Amino acid sequence: MESLTTWLKNLLADNSIFTLQTLSYYGEGLVTTVQLVFLSLIIGLLLAVPLAIGRGSKRAWVRLPIFFYCYVFRGTPLLVQLYLIYYGVVFVEGIQDTWLWVILEKPFVPALIAFTLNTGAYTTEIFRGAIKSTPRGEIEAARAYGMSWALMLRRIVLPSAFRRALPAYGNEVIFMLHASAIASVVTIMDLTGAARFVYARFYAPFDAFLFVAAIYLCLTFGIIYLFRHLEKRMLAHLKPASG
């Protein structure tokens, strides 16, 4: 570790902007960005699966509230949602006197709530479309085997829907990574927040933001590679047989 630090010091010796301290800001921002995006995607996915099932329900009292939630969060900008949740928490009567305030006063938690609700709405619609497009033959075959609705959902519908939804969900993951750049507006030191700090300190906008753009680009290519690998494995049965 010491040899790596020494090598970096020698490498950056003649650079007045990118020092070890500056890179540490970007490192902290990278960790915060990955945590925020990863947690919001995981919680949003867990939220979206039952909502996608309920979205296709024939019961209006189940279907309509989910439709309203998706309509609102897909129809309004994420930045507005973040502002409403971050600043709106303060106006909830009595919340500052409860144990919840210890959690909610930190900007990371309201941002996580906003990102989770946003990606949950988009993911719900992605999975709803994938579930709806399940081939009728698969459902009829499951019924012919005497499967219950829950068993058919678990063994046939959801695995099939997940495979079909994978390309669209990959785009949603990339969108959330890029959208996480707005987290810095509520004082979160993410990647963009680190770039703003470096810009404000050294008055070097091109250096600060081009460097962070390169980091986002590397993360994006990593996500693309991961999802292409998953698609290749999970959709291998759709490839035409070679002669």
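Here is what the cut-offs are and how they apply
- Residues numbered from 1 in each chain as written.
- Predicted model: local features only at pLDDT ≥ 70, side-chain atom pairs only at ≥ 80, totals over all residues.
- Heavy atoms only, no water.
- Helix = DSSP H or I, 4+ residues; strand = E, 2+ residues; numbered from the N terminus.
- Buried < 20%, exposed > 50% of the residue type's maximum accessible area, 1.4 Å probe, protein only.
- Arc of directions from axis to C-beta.
- Contact = heavy atoms within 4.5 Å.
- Core = buried A, V, L, I, M, F, W, Y, C linked by side-chain atoms within 4.5 Å.

J.: Give a detailed account of unusual backbone geometry, specifying residues and quantitative values.
T.: Despite not being glycine, Thr187 has its phi angle at roughly 65°, a positive value. Here the phi dihedral of Tyr203 falls at roughly 55°; this positive angle occurs in a residue that is not glycine. With respect to the helices and strands, the residue Tyr203 is situated in the loop between helix H9 (191–202) and helix H10 (205–234). Relative accessible area serves as the criterion here: at 67%, Tyr203 is assigned to the exposed category.

J.: I'd like a rundown of helix H4 (residues 78–88), residues and numbers included.
T.: Every buried residue of H4 is accounted for by Leu78, Gln81, Leu82, Ile85 and Tyr86. Down the axis of H4, the smallest arc covering the buried residues is 120°, so these residues share one side. Among the structural elements, helix H3 (60–75), helix H6 (108–132) and helix H8 (149–179) are those in contact with the buried residues of H4.

J.: Go over the nonpolar core, please, and point to the residues and values.
T.: If you look at the biggest cluster of nonpolar residues, it comprises 34 residues, and the most contacted ones within it are Tyr26 and Phe115. Of all the secondary-structure elements, those providing two or more residues to this core are helix H2 (20–55), H4, H6, H8, H9 and H10. Ranked by residue count, the leading element in this core is H8, at seven residues. Apart from the residues within four sequence positions on either side, Tyr26 is in contact with Phe18, Leu191, Ala194, Ala195, Val198, Ala208, Phe211, Val212 and Ile215.

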